[in-house]
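Descriptive analysis of the structure
Residues per chain are reported as follows:
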Amino acid sequence: MKEQVILWLNRLLVADVFLVLLSFLWLAIAVLGKSMGVNLGLELWYQLWEPVFTPAIGLLMAGALLIGAMNQISKWLVRPNSQS
């Protein structure tokens, strides 16, 4: 069960990484277009910032922390208090 949860969480995080990267690429292209006087969707990007991109970044950070914590707990459970 734990492996399935981790698998689906990893899949969700991979999709989220691509969403965040594509949104950054869109922002960069839209800003470049605006500097040249071409409308490439910068205003739409601004409108989507709060409802889409901010939660996606937050989910990415929370998921990374959760995966790291789960891995540390798994390591601790496998080697409980090994005295060296």
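Everything numeric in this text was worked out from a predicted model, so none of it was measured.

1. Considerations on the overall build of the chain
Assigned secondary structure in the chain consists of 2 helices and 0 strands. On C-alpha atoms alone, the chain measures out to a radius of gyration of 19 Å, which is more than a quarter above the 12 Å that the 2.2 N^0.38 rule sets for 84 residues. By its C-alpha atoms, the chain is 65 × 30 × 15 Å across when sized along the principal axes. For the chain, the proportion of its 84 residues judged to be buried stands at 20%. Within the chain, counting contacts between residues at least 6 apart in sequence, those at least 24 apart form 55% of the total. If you sum the accessible surface of the chain, you get close to 6,600 Å²; carbon and sulfur atoms cover 73% of it. For the chain, the centre of its 5 positive side-chain charges and the centre of its 4 negative side-chain charges are spaced 15 Å apart.

2. Regarding the UniProt feature "transmembrane region" (unreviewed entry) in the chain
Under the UniProt annotation, the feature "transmembrane region" (unreviewed entry) is placed at residues 12–32 and 52–70. Between the end C-alpha atoms of residues 12–32 the distance is 30 Å, and the span holds 100% helix and 0% strand. Here residues 52–70 is 100% helix and 0% strand, with 27 Å between the C-alpha atoms at its ends.

3. Focus on the packing of aromatic side chains
Overall, the coordinates contain 4 aromatic pairs when judged by the stated rule. For the ring pair W26 and F53, a centre distance of 6.2 Å and an interplane angle of 85° mean the geometry is edge-to-face. With W26 in helix α1 (residues 2–35) and F53 in helix α2 (residues 42–78), this residue pair connects regions lying 27 residues apart in the sequence. F53 gets classed as buried once you look at its relative accessible area, which sits at 4%. A ring pair is formed by W45 and W49, whose centres lie 5.2 Å apart and whose planes are at 25°; its orientation type is stacked. Here W49 and W45 lie together in helix α2, a separation of 4 residues that amounts to about one turn. Look at W49 and you get partly exposed, because its relative accessible area is 32%. Within the aromatic cluster, the residues linked to one another by ring pairs are W26, W45, Y46, W49 and F53. The cationic tip of R11 hangs over the ring face of W8; the distance from NZ or CZ to the ring centre is 4.7 Å.

4. What about α2?
The end-to-end C-alpha distance of α2, which contains 37 residues, comes to 50 Å, matching closely the 54 Å that a straight helix rising 1.5 Å per residue would cover. Of all the bends in α2, the largest measures some 70° and sits at W49, one to four residues before the proline P51. Those residues of α2 hidden inside the fold are in contact with α1.

What counts and how
Residues numbered from 1 in each chain as written. Predicted model: local features only at pLDDT ≥ 70, side-chain atom pairs only at ≥ 80, totals over all residues. Heavy atoms only, no water. Helix = DSSP H or I, 4+ residues; strand = E, 2+ residues; numbered from the N terminus. Rg over C-alpha atoms; globule rule 2.2 N^0.38 Å. Buried < 20%, exposed > 50% of the residue type's maximum accessible area, 1.4 Å probe, protein only. Contact = heavy atoms within 4.5 Å. Areas by Shrake-Rupley, 256 points an atom, 1.4 Å probe, with all protein chains shown as cover. Lys, Arg positive; Asp, Glu negative; His and termini not counted. Charge placed at Lys NZ, Arg CZ, Asp CG, Glu CD. UniProt positions renumbered as here; feature names shortened; annotations may be inferred. Phe/Tyr/Trp six-rings, centres within 6.5 Å; stacked < 30°, edge-to-face > 60°. Lys NZ or Arg CZ within 6 Å of the ring centre and 35° of its normal. Expected span 1.5 Å × (residues − 1). Bend = angle between axes of the 7 residues up to and from the residue.

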